[in-house]
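Below, each chain spelled out in residue letters.
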Amino acid sequence: MPEYKKIVDKIWSAKAEAFETEHEPWIYANRLNIFIGPNNSGKSLFNRALISKEFQWVDETVPNKLLKMLELYKIHISQHPRSRLISPAPTPPGADIIQELKNAIENLSRPVTKDQFDTTKFLLDQHTKFLLKEINRDTSFSGPPYRELYNSIINEPQDIFKIPMRQEQSWHYIPILRGLRPLTNSLDNHYSMRTQKDYSTDCNTHTGLELYDLITSHLLGEPEEREKVRNYEKMLSENFFNYAEVSLTPKIRTDTLHAKIGHEKQRPIYQLGDGLQTVIIITAAAFFTEKPSLFAIEEPETHLHPGFQRRLIEVLLDKTPHQYFVTTHSNHLLELAECRDEISIFRVNKEPGEQTKFKISVCDQDRDLLRELGVNPASVYLANCTIWVEGITDRLYIQAFLEQYKKHNPGQYDHWIENYHYTFVEYQGAGLAHWEFADEQNHDQEQMLATITTPNILVIADGDIETKGNRQGKLESQLAEKLYITPGKEIDNLVPTEVIKSFVKARIDGMIKDNKENKAKIQRHNIKPENIDRLHNLSNEQKGIGWHIDKLLFGRDPTEDEYRLFSKLGSATGTIRQKVELCRYATAKMRAEEWEMSEEIKKLCEIIFEHIAENNTTGR
């Protein structure tokens, strides 16, 4: 899978004067930028400001780099003893350009606008031409120590402008006004025309009505264009149609694209479900735009099942080279931000007062986001089966395990979509004791009945459940084979050994730099990070991974806090103290690098996929 990178690091617009940010006047952009907030909070208004003609990309380092260049020019004028520039004349040749350049650089705003950028670049180009002319006519310019100076003067401006020039990308806009059914017999794209008129934008607008011409031109074009359509149909099949063959045909003597899915009869594309139409409109716009571009999308979740919402975002990030700015009211889009570093979430709020003002702030990835959206997690009612795990770190680990298992078994499990075919429920450790998994007739009235709240349950419990009274026996009697107990103390014990080693070494370096108490302990006991290299597979160990790490580092059992850097203080369980940090580090590393699955991870994945398959026998 290719690794796509973001196009701009920071972004703003001259039409966003009513907005304030934490890093005024721009926002730090990621590959996918999600804007949330109540209705009329300003989300779409900001998105439309970005696509306006007054859009500005940002590179705040440009002014400093240009000022540095200006100093080189001054050196050029003052230090060359035989240059025509050192002349008794009051105004040496080139001095006017230097002054213009100085004025232009000092007047650069932050962020740098495109007009300012172009003006400064023009002046630099003019001065470069002047220098080349001087070098060609005066041989003394070619000898040291001036050659290096002149090469810098001539070549460095191009280096300065490389990054901003990358940012001069085209905007694409997918408005809420979209659909695949033409309004009239006219060939005009009324949705696009209306959008461009209302929002004063001349950017590429995708509403779905252009899809007929797009597919027609590709099918009647070059071989590689026809292949592009086939690849797009294949992508739809694999990600949204349960591997059923997809065929898109611009039917003659109509103005409408027709679709054939698997063995179904061919029909007009607007007769597909509204959610699938949304998928096709958005993915076609991104898939057939080959040059890396900036996309602003309004509420991509419209009409989409929660599982398809997640899959749509994954397809955009993994199969297209673009950078996205998305407004949403969906909590399901936010779940991806927990496990993908290339997603940022921004909250947009309307400020009280006579003047209309808005504030954009970066969101932490926490439960407050759901309250901001005004929704509660509801995928448990919509998926065909549920997987109960202790907490969020367990869920993130299992998601990473399942992704790796899919990679090693291509084509077998890709069609199972989270929040559609299955979803996770977090029971929060001891909270499991409050749930009853029996049928309604044998229900203990003091406990909540899980089977009426979530369908087809598989419970994954930590191995240390054996030490918690009769809880294990009761669950086994109610769930039978639908209870899986980890072979080791907890799910953390399954984390690949090499990943744990890497985390420990990085963490020790951080402790030495940032924590005086831990640094003193490390020096007191002469702890060497390489001791962790002797760590073995902990999948079946009944002590937490923190205990095993500390035992290797200190060379003895960590029975006292003095001998604990990674296991919890004041506890003999050995659970790792940096539980959340390890989870973030490990899941990111497991997604970014190849790693070997243990037999224990494979078994867990097999049990989960068997559970999913049993409860999704009818396909999509």
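Thresholds applied
Residues numbered from 1 in each chain as written. Predicted model: local features only at pLDDT ≥ 70, side-chain atom pairs only at ≥ 80, totals over all residues. Heavy atoms only, no water. Axes fitted to C-alpha atoms, helices over the stretch in contact; angles between N-to-C directions. Helix = DSSP H or I, 4+ residues; strand = E, 2+ residues; numbered from the N terminus. Parallel < 35°, antiparallel > 145°, perpendicular 65-115°, else oblique. Left-handed = near helix turned anticlockwise from the far one by under 90°. Contact = heavy atoms within 4.5 Å. pLDDT = per-residue confidence, 0-100. Buried < 20%, exposed > 50% of the residue type's maximum accessible area, 1.4 Å probe, protein only. Pairing = 2+ DSSP bridges. Core = buried A, V, L, I, M, F, W, Y, C linked by side-chain atoms within 4.5 Å. Arc of directions from axis to C-beta. Salt bridge = Lys/Arg side-chain N within 4 Å of Asp/Glu carboxyl O. Phe/Tyr/Trp six-rings, centres within 6.5 Å; stacked < 30°, edge-to-face > 60°. Lys NZ or Arg CZ within 6 Å of the ring centre and 35° of its normal.

Peer 1: How do you make sense of the packing of helix H13 (residues 392-408) against helix H18 (residues 579-592) when you look at a structure like this?
Peer 2: Any two packed helices are characterised by the angle at which their axes cross and by the distance between the axes. Contact geometry of H13 with H18 gives a least axis separation of 10 Å together with a crossing angle of 15°. As far as their axial angle goes, H18 and H13 are roughly parallel. Considering the relative orientation of H13 and H18, their crossing is left-handed. Residues Thr393, Leu396, Tyr397, Gln399, Ala400, Phe401, Glu403 and Lys407 of H13 touch H18, and the partners they reach there are Lys579, Val580, Leu582, Cys583, Ala586, Thr587, Met590 and Arg591.

Peer 1: Is there a simple way to think about the confidence of the model for the protein in this case?
Peer 2: Interpreting fine coordinate detail is not advised for predicted regions of low pLDDT. Averaged over every residue, the pLDDT of the protein is 80; residues scoring 70 or more account for 74%. Confidence drops under pLDDT 50 across residues 79-93; counting only partners more than four residues distant or on other chains, this segment forms 25 contacts.

Peer 1: Sorry if this is basic, but what is going on with the pairing of strand S19 (residues 457-461) here?
Peer 2: Side-chain positions along a regular strand alternate between the two faces of the sheet. In terms of burial, S19 is a largely internal element, five of the five residues being buried. Alternating residues of S19 divide into Ile457, Val459 and Ala461 and Leu458 and Ile460, and every residue in both groups is buried. Sheet topology note: the strand S15 (residues 386-389)/S19 ladder contains three bridges and is parallel. Within S19, the residue paired with threonine 386 across the bridge is isoleucine 457. Inspection of the sheet shows S19 paired to strand S20 (residues 483-485) by three bridges, in the parallel sense. Bridge pairing in S20 places alanine 461 opposite isoleucine 485.

Peer 1: Would you take a moment to explain the nonpolar core for this structure?
Peer 2: Nonpolar side chains tend to gather and get buried jointly when the protein is soluble and globular. Judged by nonpolar contacts, the single largest core of 104 residues is most densely connected at Leu236 and Phe566. In terms of residue count, helix H9 (residues 274-287) provides more of this core than any other element does, nine residues in total. Ranked by size, the runner-up nonpolar core spans 25 residues in total, among them Ile27, Leu50, Tyr173 and Val348.

Peer 1: When you look at the side chain of arginine 311 in this model, what are you seeing that I'm missing?
Peer 2: Summarising the element assignment, arginine 311 is placed in helix H10 (residues 306-319). Accessibility expressed as a relative area gives 8% for arginine 311, which makes it buried. Among all residues touching arginine 311, those that are not within four sequence positions of it are Glu238, Asn239, Phe240, Lys406, Asp414, Trp416 and Ile417.

Peer 1: I'm lost on the pairing of strand S6 (residues 171-174) in this one. Help?
Peer 2: Residues of S6 alternate between two faces, with Trp171 and Tyr173 on one and His172 and Ile174 on the opposite face, all of them buried. Where S6 and strand S11 (residues 294-298) come together, four bridges link them in parallel fashion. Of the residues in S11, the one forming a bridge with isoleucine 174 is isoleucine 297.

Peer 1: Teacher, can you tell me more about the sheet that holds strand S9 (residues 257-261) here?
Peer 2: Taken in spatial order, the three strands make up an open sheet running S8-S9-S10, and their pairing is antiparallel. Here the strands that pair on one side only, and so sit at the sheet edges, are strand S8 (246-250) and strand S10 (267-268). As paired elements, S9 and S10 share two bridges and run antiparallel to each other. From the neighbouring strand, histidine 258 faces S10, where its bridge partner is proline 268. Strands in contact with helix H7 (residues 211-219) are S8 and S9; relative to S8, the strand with the most contacts, it is inclined by about 95°.

Peer 1: Sorry, what's going on with unusual backbone geometry here?
Peer 2: The phi angle of most residues is negative, glycine excepted, and most peptide bonds adopt the trans form. Unlike most non-glycine residues, asparagine 40 shows phi in positive territory, near 65°. Mapped onto the elements, asparagine 40 comes out in the loop between strand S4 (32-36) and helix H1 (43-50). For histidine 303, which is not a glycine, the phi torsion comes out positive at approximately 70°. By secondary structure assignment, the location of histidine 303 is in the loop between S11 and H10.

Peer 1: I would appreciate a short explanation of helix H6 (residues 190-198) in the present structure.
Peer 2: For H6, the complete set of buried residues consists of Tyr191, Ser192 and Thr195. When H6 is viewed along its axis, its buried side chains cluster within an angular range of 95° and face the same direction. On the buried face of H6, the contacting elements are S6 and strand S7 (204-205). With its phi angle positive at about 50°, serine 200 sits one or two positions after the end of H6.

Peer 1: Would you take a moment to explain the pattern of salt bridges for this structure?
Peer 2: For side chains bearing opposite charge, pairing can occur when the charged atoms are close. Applying the stated rule across the entire model yields 24 salt bridges. Put simply, lysine 551 and aspartate 557 hold a salt bridge, and the shortest N to O gap is 3.6 Å. Exposure remark for lysine 551: the relative accessible area of 37% places this residue in the partly exposed category. A residue is classified by how much of its surface remains accessible, and aspartate 557, at 33% relative accessible area, is partly exposed. Ionic contacts of the salt-bridge type, sharing partners, join the residues Asp464, Lys489, Glu490, Asp492 and Lys579 into one network.

Peer 1: Help me understand the packing of aromatic side chains, please; the structure alone is not making it clear to me.
Peer 2: The description of an aromatic ring pair uses the distance of the two centres, along with the angle that the planes make with each other. Counted according to the given criterion, the structure contains 22 aromatic pairs. Of the aromatic side chains, those joined through ring pairs into one cluster are Phe19, Phe35, Phe46, Phe346 and Phe358. The positively charged end of arginine 48 is found above the aromatic ring belonging to tyrosine 199, 4.2 Å away from the centroid. Stacked on the ring of phenylalanine 287, the Lys or Arg lysine 228 has its end atom at 4.5 Å from the ring centre.

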